[in-house]
Amino acid sequence: MKITDFRIEKVTAELKKPFVTNIRRVEKIEDVLLTLITDNGATGYGEAPPTVAITGEDIESIERTIKERIFPAINGLELGGDDVFEALHTSVTKSTSAKACVDMAIYDILAKSVNKPLYEYLGGKAKTLRTNLTISLGDNETMLKDAVEAYDDGFGILKVKVGADEKATVEVMRNIRAALPSAVLRVDANQAWDAKTALNIIEKIALLGIELIEQPTKAEDLAGLAEITAHSSIPILADESVFGYEDAVRILDEKAAHYINIKLMKTGGIYEAMRIAKLAKERGAKVMMGSMLESVVSISAAVHFAMSDENICFYDLDGPLLAKPSAVKNALIFEKDEISLAECVGLGITF
Ligand SMILES: [Mg+2]
């Protein structure tokens, strides 16, 4: 079975409210939707969101990279071994969302060809994942209101987006904890702090029972990250600092984080994500299955992948929950914060 053709469309999903972090603001999801086609007529689907602030890719560059670089490199290659993934990864530098989009479509085809759901093809088994819900960065009053509303709606794990303001961060976390004594709270600074600020904040929120703090420093500031990790009483999760396998090796070698956040849009898809997950497991580092602001096709890929390894035990897969229902038929079942999959083959996407 060989890849012989492809189609690119756009898929859009309206957000229920704007998504705001330390580095960006998004009003609606508009992603690239890819259909890969093989010589025997099989199809696989992929999706990539434009996340310029993180991967440097917009809709146009994702489309262009797939058309001009990735597809020519994998066109006509036999599916089933490592060759197609090696060709994909060496076809162009960076461009990790474009690569992820193609990678998941190939895995969709491979799993469909043996009539299995993708998680089973990857050696995993079905389970229910509990995702966190993101609380966008805003004024403290709004964030508290959003957190309480989310908790009351059945979301017991909240990922709170915070910014550079030390005082506001400490205050909002104290307020949320006071209002929601039983919620699981995660903090995502999205690179807003330096080591000194981070350690000041951590000292002040140390007794609030925060589960983890995500990416306190700039992505490239591994020394700062390592200093925080050495002194923090709250586990540190590396996100923007880890794209591919080599980044994960460096983070773990330098003890720059306790945990690693794998996102298919950073790794360039499942093939590379599996290498990182295996490494993290060997080194005793727990993994979060994260996502960008994505819709149902790529979230399906992330859910299948998350089911493939027990060491992947934190889930940040709330994109579809933040958006109005998608027109794309899929196997995802959301019951408040629980995600499971209906019986399906491949990714479970149908048109
Ligand atoms: Mg993050």
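Analysis parameters
Residues numbered from 1 in each chain as written. Predicted model: local features only at pLDDT ≥ 70, side-chain atom pairs only at ≥ 80, totals over all residues. Heavy atoms only, no water. Helix = DSSP H or I, 4+ residues; strand = E, 2+ residues; numbered from the N terminus. Rg over C-alpha atoms; globule rule 2.2 N^0.38 Å. Buried < 20%, exposed > 50% of the residue type's maximum accessible area, 1.4 Å probe, protein only. Contact = heavy atoms within 4.5 Å. Areas by Shrake-Rupley, 256 points an atom, 1.4 Å probe, with all protein chains shown as cover. Lys, Arg positive; Asp, Glu negative; His and termini not counted. Charge placed at Lys NZ, Arg CZ, Asp CG, Glu CD. Pairing = 2+ DSSP bridges. Axes fitted to C-alpha atoms, helices over the stretch in contact; angles between N-to-C directions. Donors = N, O, S within 2.8 Å, 3.2 Å for Na, K, Ca; no water. Parallel < 35°, antiparallel > 145°, perpendicular 65-115°, else oblique. Left-handed = near helix turned anticlockwise from the far one by under 90°. Nonpolar A, V, L, I, M, F, W, Y, C, P; charged D, E, K, R; others polar.

Q: What am I meant to see in the overall build of the protein here?
A: Scanning the protein from terminus to terminus reveals 14 helices and 14 strands. For 351 residues, the compact-globule formula gives about 20 Å, and the C-alpha radius of gyration of the protein, at 20 Å, lands near that figure. Its C-alpha atoms put the protein at 60 × 40 × 35 Å along the principal axes. Within the span of the protein, comprising 351 residues, buried residues form 60% of the whole. Long-range contacts, defined as pairs at least 24 residues apart, comprise 72% of the intrachain contacts of the protein with a sequence gap of at least 6. Summed over all atoms, the accessible surface of the protein reaches about 14100 Å², with 48% contributed by carbon and sulfur. The average position of the 40 basic charges and that of the 54 acidic charges among the side chains of the protein differ by 1 Å.

Q: How do you make sense of the sheet that holds strand β4 (residues 129-130) when you look at a structure like this?
A: Pairing between the strands of a sheet is mediated by backbone hydrogen bonds and can be parallel or antiparallel. One open sheet holds the three strands; their spatial order is β4-β14-β13, and the pairing between them is antiparallel. Both outer strands of the open sheet, β4 and β13 (332-335), are each paired with one neighbouring strand and no more. Where β4 meets strand β14 (residues 338-341), two bridges bridge the pair, whose relative direction is antiparallel. Within β14, the residue paired with Leu129 across the bridge is Ile339. This element, helix α13 (residues 296-306), spans β4, β13 and β14 of the sheet and lies at about 85° to β13.

Q: Can you walk me through the coordination of the magnesium ion in this structure?
A: Six octahedral donors at a metal ideally form angles of 90 or 180 degrees, and four tetrahedral donors ideally form angles of 109.5 degrees. On the protein side, the magnesium ion has Asp188 (OD), Glu214 (OE) and Asp239 (OD) as donor atoms, found 2.2 to 2.3 Å from it. Read in sequence order, the donor residues coordinating the magnesium ion give the pattern D-x25-E-x24-D. Of this pair, Asp188 sits in strand β7 (residues 184-188) while Glu214 is found in strand β8 (residues 210-214), placing the two residues 26 residues apart along the sequence. Accessibility expressed as a relative area gives 1% for Asp188, which makes it buried. The class of Glu214 is buried, set by a relative accessible area of 0%.

Q: Which parts of the structure should I look at to understand the environment of Gly319?
A: Tracing the sequence through the fold places Gly319 in helix α14 (residues 319-322). The spatial distance from the C-alpha of Gly319 to the C-alpha of Asn175 is 25 Å, given a sequence separation of 144 residues.

Q: I tried to follow the sheet that holds strand β1 (residues 3-20) on my own but got confused; where do I start?
A: Pairing is antiparallel in the open sheet, where three strands are placed in the order β1-β2-β3. The open sheet has two edge strands with one neighbour each: β1 and β3 (43-48). Averaged over all pairs of adjacent strands, the angle between strand axes in this sheet comes to 20°, irrespective of strand direction. In this structure, strand β2 (residues 25-38) lies alongside β3, joined through six bridges in antiparallel fashion. Within the sheet, the bridge partner assigned to Val32 lies in β3 and is Ala48. Across the sheet, α13 touches β2 and β3, and the angle it forms with β3 is around 100°.

Q: Sorry if this is basic, but what is going on with the packing of helix α2 (residues 59-74) against helix α4 (residues 96-113) here?
A: How two helices sit against one another is set out by the angle between their axes and by the gap between those axes. Close contact between α2 and α4 brings their axes to 9 Å; oriented N to C, the two are set at 50°. By the angle class used here, α2 and α4 are oblique. Crossing handedness for the pair α2 and α4: right-handed. Each of Ile62, Thr65, Ile66, Ile70 and Ile74 in α2 lies in contact with α4, whose residues at this interface are Ser97, Ala98, Lys99, Cys101, Val102 and Ile106. Residues belonging to the contact of α2 with α4 are distributed by class as follows: eight nonpolar, two polar and one charged.

Q: Please explain helix α8 (residues 195-205) as it appears in this structure.
A: Every α-helix carries 3.6 residues per turn, so stepping three or four residues along brings you back to the same face. Considered for burial, the residues of α8 that qualify are Ala195, Thr197, Ala198, Leu199, Ile201, Ile202 and Ile205. Of the surrounding secondary structure, the elements contacted by the buried residues of α8 are α7 (166-179), β8, α9 (222-231) and β9 (236-238).

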